[in-house]
Amino acid sequence: MSAFFIKRVAWVSWLGVCFVVGIIWFAFLPVDLLAVYWLLLGFVLIGFLFRSDLFVRKLAFGLAMACLSCGYTIWRAQPGSNAQLVDYHGQKPVLQGYIAEAPKIGSEDIKYVVQIEQIELDSNWQTLQGRLLLQQEKYPAYEYLDEIKITGKIDTPPEHDDFSYQDYLGKRGIYSLAGKYTQVELIGNRGSYHLLRFIYRFKSQIESVVNRLLPEPESSLLNGLLLGIKNGFDQDFKQALATTGMSHIVSVSGYNISIVILLVKKITERFLSKKKQIWLIMLVLLLFVILSGASASVVRAGLLATMVGLAGRFGRFSRPTNSLVFVAWLMLFVNPQLLWDTGFQLSFLATGGIIWILPKITQSPWYKKNTRYPNGSELTKHQHVLASLKVYLFQTLALTLSAQVLILPLLISSFGQVSLISPLVNLLVVFMIPLAMASGAVATILGVVNYYLAVPLVAVSYIALHYLVWVIRLFARVPGAIWNFGNISPMVWLGWYLIVIWLINREPHKEQND
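Residues numbered from 1 in each chain as written. Predicted model: local features only at pLDDT ≥ 70, side-chain atom pairs only at ≥ 80, totals over all residues. Heavy atoms only, no water.

**Things to note about the state of the cysteines**
Consideration 1: One pass over the full model with this rule turns up 0 disulfides.
Consideration 2: The thiol of cysteine 18 is not disulfide-bonded; the next cysteine sulfur, from cysteine 67, is found 9.9 Å away.
Consideration 3: A residue is classified by how much of its surface remains accessible, and cysteine 18, at 7% relative accessible area, is buried.
Consideration 4: Cysteine 70 takes part in no disulfide bond, and the closest cysteine sulfur, belonging to cysteine 67, lies 7.3 Å away.
Consideration 5: Take cysteine 70: its relative accessible area is 0%, and that puts it in the buried class. (Disulfide = S-S within 2.5 Å. Buried < 20%, exposed > 50% of the residue type's maximum accessible area, 1.4 Å probe, protein only.)

Okay, here's the thing in structure tokens:
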């Protein structure tokens, strides 16, 4: 069985899986770097010696990839210059550095990721490399690439019973924390004309325009749909999003990316060739990924869309599974610790569910029966609308369920609860999101130019957004909408995934002809 699987799976997917195995190996088993590389050389040698045997060759090169991945993760995890900042935890050093990422504006404060470069010791500045998260009041505000001087206490990120802030920040290479009482002095900037600085300024301007055009919570909802900003919601609406399972709509992902692609296509199809459209779409996607904060889900969606676009540009066919594995491989190569990020896991499992499970659903007799249009010439307008609505409902339900099947264990394990009404609410809101995004995006761009130009489209966007808010708040009041779980054995989830894998690989029964 295992030999059959290894022979059948594509090389890209097989090596990608083995790369992940290497990261897991490093996390759970004691390992020596020298031993790993000796194993690597041994497996590569076996692969070449038995290159005529496909099973042995694939197994050997797969194990070699796992060794390479494990060794690479060990090298990345070795304490480097970042560890020097840890020596000053609990002290009040004077540090200099620059703001290395776009500031994260919260409801009450702003968080800055600061790349530290120097420390003052005995009235002399000495080199010190490291990153810290700086929490400050909203005013005065600083920008990306501003150079600042910091004086205050440096601490280790806290650990809680149910959440490790230290591990969460460590995945981003941040090991130190500075609070609101830290003194900050602006001493210059190192990128007045830096492209990303302009992009982040433009993002702030967009957020400001949206807040001016729309009331709350509609303005925060549009900022979430367009930019992935989630800091404007009050606690009640945040809870309503969680209760209805709709938090994902304000986390920019593949769905938002697809809407952006369709919008650019519709606007440019009359005056741009398909090849030029592809290049423009990839440029817009790059800008969109940066503006939305480059989270795991949006980077994954952007890279997948780019790969599909490039394949089409050069006349090649893009295989969804290989593309997904390659994108995961690329992202984990940049940061192996991303494998343990819940957002990364949810993003790839949901996409995998759509790639592997949705075709099984759409090929089933039950689905085909309920999504088949009757003969249009025999339908009245009323019957045609009802038939179209029925098809939409079954298509949306199939898409929702295919994404949920693989992420359900992870949702329950990570959050201890699941929304029972999420599929229903998703059916009621998903058709309105493209209208809200498209009208809101165009209105916002017009609003940057002139407030009054945006008014007509803002009215359309407001109606769509208000509908989304109304549905989410209405169903959040349904008793028993959330199902809370206790601790569930990992063996249960292992069994769940084994059954799903069996169902995915099971050949459908062919109908017998009389």
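**A look at helix H18 (residues 433-449)**
Consideration 1: Helix length check: H18 (17 residues) gives 24 Å between terminal C-alpha atoms against 24 Å at 1.5 Å per residue, within 8%.
Consideration 2: Along H18, the residues classified as buried are Ile433, Ala436, Met437, Ser439, Gly440, Ala441, Ala443, Thr444 and Gly447. (Helix = DSSP H or I, 4+ residues; strand = E, 2+ residues; numbered from the N terminus. Expected span 1.5 Å × (residues − 1).)

**Points about unusual backbone geometry**
Consideration 1: That bond from glutamate 216 to proline 217 is cis: its omega, 0°, falls within 30 degrees of zero.
Consideration 2: Its place among the elements puts proline 217 in the loop between helix H6 (195-213) and helix H7 (218-227).
Consideration 3: Non-glycine residue leucine 145 carries a positive phi angle of around 75°.
Consideration 4: Tracing the backbone shows leucine 145 in the loop between strand E4 (124-136) and strand E5 (146-151).

**Section: the pairing of strand E3 (residues 110-121)**
Consideration 1: In this sheet, E3 lies alongside strand E1 (residues 94-99) in antiparallel orientation, the contact comprising 5 bridges. Counterpart to leucine 95 in the pairing with E3 is isoleucine 119.
Consideration 2: Judged from the 2 bridges that link them, strand E2 (residues 104-105) and E3 form a sheet pairing that is antiparallel. Along E3, the bridge assignment pairs isoleucine 105 with isoleucine 110.
Consideration 3: Sheet analysis places E3 next to E4, joined by 11 bridges and oriented antiparallel. (Pairing = 2+ DSSP bridges.)

**Observations concerning the side chain of serine 461**
Consideration 1: By the element assignment, serine 461 lies in helix H19 (residues 451-476).
Consideration 2: In this structure serine 461 comes out as buried when scored by relative accessible area, which is 1%.
Consideration 3: Look past the residues within four positions of serine 461 in its chain and what remains in contact with it is Leu222, Ala436, Ser439 and Gly440. (Contact = heavy atoms within 4.5 Å.)

**Describing the packing of aromatic side chains**
Consideration 1: All told, the structure shown has 11 aromatic pairs when counted by the stated rule.
Consideration 2: Aromatic pair phenylalanine 28 and tryptophan 340: ring centres 5.8 Å apart, planes at 80°, arrangement edge-to-face. With phenylalanine 28 in helix H2 (residues 11-28) and tryptophan 340 in the loop between helix H12 (320-334) and helix H13 (342-356), this pair connects stretches of sequence that are 312 residues apart.
Consideration 3: Classification of tryptophan 340 as partly exposed rests on a relative accessible area of 28%. (Phe/Tyr/Trp six-rings, centres within 6.5 Å; stacked < 30°, edge-to-face > 60°.)

**As for the nonpolar core**
Consideration 1: Counting 40 residues, the largest nonpolar core has Leu221, Leu225, Ile249, Leu465 and Leu468 as the members making the most contacts within it.
Consideration 2: Broken down by secondary-structure element, the contributors of at least two residues to this core are H6, H7, helix H8 (235-244), helix H17 (422-429), H18 and H19.
Consideration 3: In terms of residue count, the dominant contributor to this core is H19 (9 residues). (Core = buried A, V, L, I, M, F, W, Y, C linked by side-chain atoms within 4.5 Å.)

**Overview of the environment of proline 320**
Consideration 1: You can see proline 320 is positioned in helix H12.
Consideration 2: The spatial distance from the C-alpha of proline 320 to the C-alpha of threonine 351 is 9.6 Å, given a sequence separation of 31 residues.

**Notes on the pattern of salt bridges**
A side chain of one charge can pair with a side chain of the opposite charge when the charged atoms of the two come close.
Consideration 1: Within this structure, the stated rule accounts for 6 salt bridges.
Consideration 2: In this structure, the salt-bridge partner of arginine 190 is glutamate 147, at a minimum N-O distance of 3.1 Å. Linking arginine 190 in the loop between strand E8 (183-189) and H6 with glutamate 147 in strand E5, this pair joins segments that are 43 residues apart in sequence.
Consideration 3: Given a relative accessible area of 40%, arginine 190 falls into the partly exposed group.
Consideration 4: Salt bridges here are not isolated pairs; linked through shared partners, they connect Glu117, Glu147 and Arg190. (Salt bridge = Lys/Arg side-chain N within 4 Å of Asp/Glu carboxyl O.)

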